[in-house]
Amino acid sequence: MSLFLKKSDEPNRPREECGIFSIYGHKDASRVAFFGLFALQHRGQESAGIVSSDGYQVWEHKGMGLVAEVFKEETFQKLPGQLAIGHVRYSTTGSSTLSNAQPFLVHFADDYYALAHNGNILNAHKLRKELEDSGSIFQTTMDSEVIIHLMTHHLKHGLEKALVAALSRLEGAYCLIMLTRDKIIAARDPRGFRPLSLGKLNDSWVVASETCAFDLIGAKYIRDVEPGEILVIDHKGVRCINPFPAIKNSHCIFELIYFARPDSQVFGQNVYLCRKRLGHELTREYKPKVDFIMPFPDSGVYAALGYAEESGLAFEMGMIRNHYIGRTFIQPSQSMRDFGVSVKLNPVKPLLENKKVLIVEDSIIRGTTSRNRVKNLRKIGVKELHMAISCPPTIYPCPYGIDFSTKGELIAAKLENEKNIADFIGLDSIHYLTIEGMIKATRLKKDCFCLACYNGNYPLAPPEKINKFCMEMKQGIH
Ligand code: SF4
C-alpha cells in the first residue's frame, strides 16, 4: 500500500530545531520576514509563522508545512505593519501540530507578546509544573511557552526586567526573538549554543538565526548577538543589555559541520570554507588508495571538495540527486524496496563500475541511510568502498535541541569501533575525523565549543531522560 509520508526526504539524517527572523522599521515587514524564513527553511520544515505589528495592532499567520506553502500573496495583506517576526519549526519539544507552531502570541495586560524560539530548555518541565501549580494555564506543549509565562509574572517591573527575570530561570539552549506592539527584542543564551546575528537593511534592523537570510533580502551583516546579550530594538535604535555574568561559550560545533547553510557566517566563520578545511584535515589523517573521491550529495559535498583539493585526487559526482522530490513522496511498496533506494540518489554506473572509491560524508547518525546507499553501490559493481567522515563518531545524545536524543539510535555508540561500523554499513574501511582535526579546521579554540555528542562532556547537565514529548506525557498524548 502506498502512503504519503512526512519528511521523507532523509529520514535518518539529524534535524535542526528551528529558524528565527525579525525585522524592525520596514513598510513591508511581513513580506521581508517571509523571504528571511525562506532562506532559513533548512532549519525547520514542519511549520512556519509570522506575527506583525503596526505599532497598535498585532496580526499573525501560521500553518503546517514549508514557508512557500504556508504564505500566499494575499497573506501579506493580512499581516500589515513595520515590525515582524517569523519562525520555521522542526519540533524538538512537543508534537508537530498547528497549536505548537510559532511565533507563540499572547495578549496580556493590554499588550501583545509574540515569541519565536530556537533551542531546547532543559528545565522546562520543572518550570511548567511550578507555573501550573501557581495558576498558569498553558495553551501548547512547547518548552517555549514557559518563557512567556515566566515573563508575565514579572511584567509589573517593566518588559526588560521581566524578560531578564524569565531568562535567568532557564537552563538550556535558546535564541529568541520577541515582538510587542512597538518593539522587537532578541536574546541569546549565555553559552551561545545556537547562532544569532544582527543585520541592517537600509534603515531597518534585522535579526536572524543565520546570515544567509540577510543575503537573500539584501541586508548587511553587522555582528553576532553575543552570548547572554539581549537586544532591544525600537524607534530609538538598538540597545544592548548584558544582564548575565560571562561564562564559557558552548557553541554547537555541529552547526559548522552539518546544520548551518554553507553560505552562512556562523560563530565568525564562513561555513563553506570551514567544511572544506574539514576535508583538508581528513586528508591528513586518512588516505586509502582509491581511483577518486565522491560525496553523498548534498551533505558531504563541501568536505569532499576540500579532500580533493588537499589530496589531489579526482572529485566525481558518483551519485546524482533528484532535486524534484518534495517534502512528501509516495513510499514504494515492500516489493519495490530496491527501487526506493534510488528515488533520491542514483549511482552513475559506468563511472563507478570496478572502481575503488572514497566517499566523503559529513556525519553518520543512525547509519541506515549510508547502508542503503552503499548496498546500492555494491550492486552495480564498485570494487572497493571506503568512507571518510568529516567529524568524530557521534556517541552521545544531544539535549540542546538536535534530534538525536537517545544513545540507542547512534550507530557509533552501538557498534563501538570503526571495523564494526564499516561492516554494518558494508564498507571496506571507514575513518572519522579526530576531535583535534575537527577543531583545527574551525580555526577557533576548542573550549569555545560544545562537543558533548562526541566526548560526553555536557556543558549543562542533561535531564536523566531526553524526550521531545516530555511536556505531553502526563496529558496522555504519547
Ligand atoms: S551535543 Fe552536539 S549537536 Fe548538541 S549542541 Fe552539543 S555539539 Fe551540538
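Shown above is the structure to which this text applies.
Figured I'd write up the structure that's included with this text. Computed from a predicted model, the values in this text were never measured in an experiment.

Structural notes on the overall build of the protein chain
(1) Moving on: A tally of regular secondary structure across the protein chain gives 16 helices and 23 strands.
(2) Moving on: Residues counted as buried form 58% of the 478 residues belonging to the protein chain.
(3) Moving on: Counting only contacts in the protein chain whose residues sit at least 6 apart along the sequence, the fraction spanning at least 24 positions is 70%.
(4) Moving on: Roughly 19500 Å² of accessible area belongs to the protein chain as shown, and the carbon and sulfur atoms make up 52% of that amount.

A look at the sheet that holds strand β13 (residues 237-241)
(1) Moving on: Pairing is antiparallel across the open sheet formed by six strands, whose spatial order is β5-β6-β7-β8-β12-β13. Of all strands in the sheet, those bounded by a partner on one side alone are β5 (104-108) and β13. Each strand axis lies, on average, 20° off the axis of its neighbour in the sheet, ignoring direction.
(2) Moving on: Most of the contacts of helix α4 (residues 144-152) go to strand β6 (residues 111-121), to which it runs at about 135°, and overall it touches β5, β6 and β7 (172-179).
(3) Moving on: Docked against the sheet, helix α5 (residues 159-167) engages β6, β7, β8 (184-188), β12 (230-234) and β13, running at close to 155° with respect to β12.

Focus: the site of the ligand
(1) Moving on: Taken together, R194, C252, I253, F254, C398, Y400, I402, F404, C450, A452 and C453 form the complete shell of residues around the ligand.
(2) Moving on: Considered class by class, the residues forming the shell around the ligand number 10 nonpolar, no polar and one charged.

Comments concerning the packing of aromatic side chains
(1) Moving on: For the structure on display, the rule yields 12 aromatic pairs.
(2) Moving on: Residues F34 and F38 carry aromatic rings whose centres are separated by 6.0 Å and whose planes lie at 35° to one another, so their mutual orientation is tilted. Of this pair, F34 and F38 both sit in helix α1 (residues 29-39), four residues apart, which is roughly one turn of that helix.
(3) Moving on: The exposure class assigned to F38 is partly exposed, which follows from its relative accessible area of 42%.
(4) Moving on: Pairwise contacts between aromatic rings join F34, F35, F38, F71 and F76 into one cluster.
(5) Moving on: Over the ring of F296 we find R373; its NZ or CZ atom is 5.2 Å from the centre of that ring.

Section: the pairing of strand β21 (residues 384-389)
(1) Moving on: Of all six residues in β21, five are buried, a share of seventy percent or more.
(2) Moving on: Of the pairings in the sheet, the one linking strand β20 (residues 356-361) to β21 comprises six bridges and is parallel in character. In the sheet register, V357 faces β21, and the bridge partner there is L385.
(3) Moving on: A crossover connection joins β20 to the parallel β21 through helix α12 (residues 368-379); in handedness this β-α-β unit is right-handed.
(4) Moving on: Note that β21 and strand β22 (residues 429-432) share four bridges and pair parallel. Within β22, the residue paired with I389 across the bridge is Y432.

Some words on helix α15 (residues 435-442)
(1) Moving on: Across the eight residues that make up α15, a large majority, six, are buried.
(2) Moving on: Taken together, the buried positions of α15 are I435, G437, M438, I439, A441 and T442.
(3) Moving on: Residues of α15 that are buried make contact with α7 (253-259), β16 (269-270), α8 (271-285), β23 (449-450) and α16 (452-455).
(4) Moving on: Downstream of α15 by a residue or two, R443 has a phi angle that is positive, lying close to 60°.

Section: the packing of α4 against α5
(1) Moving on: Following both chains from N to C, one finds α4 and α5 inclined at 125°, their axes separated by 8 Å at the closest point. With respect to each other, α4 and α5 are oriented oblique. Viewed along their axes, α4 and α5 form a crossing whose handedness is right-handed. Each of I147, L150 and M151 in α4 lies in contact with α5, whose residues at this interface are L159, A162, L163, A166 and L167.

Rules of the game
- Residues numbered from 1 in each chain as written.
- Predicted model: local features only at pLDDT ≥ 70, side-chain atom pairs only at ≥ 80, totals over all residues.
- Heavy atoms only, no water.
- Helix = DSSP H or I, 4+ residues; strand = E, 2+ residues; numbered from the N terminus.
- Buried < 20%, exposed > 50% of the residue type's maximum accessible area, 1.4 Å probe, protein only.
- Contact = heavy atoms within 4.5 Å.
- Areas by Shrake-Rupley, 256 points an atom, 1.4 Å probe, with all protein chains shown as cover.
- Pairing = 2+ DSSP bridges.
- Axes fitted to C-alpha atoms, helices over the stretch in contact; angles between N-to-C directions.
- Near = heavy atom within 4 Å.
- Nonpolar A, V, L, I, M, F, W, Y, C, P; charged D, E, K, R; others polar.
- Phe/Tyr/Trp six-rings, centres within 6.5 Å; stacked < 30°, edge-to-face > 60°.
- Lys NZ or Arg CZ within 6 Å of the ring centre and 35° of its normal.
- Right-handed = clockwise from strand over helix to strand, strands pointing away.
- Parallel < 35°, antiparallel > 145°, perpendicular 65-115°, else oblique.
- Left-handed = near helix turned anticlockwise from the far one by under 90°.

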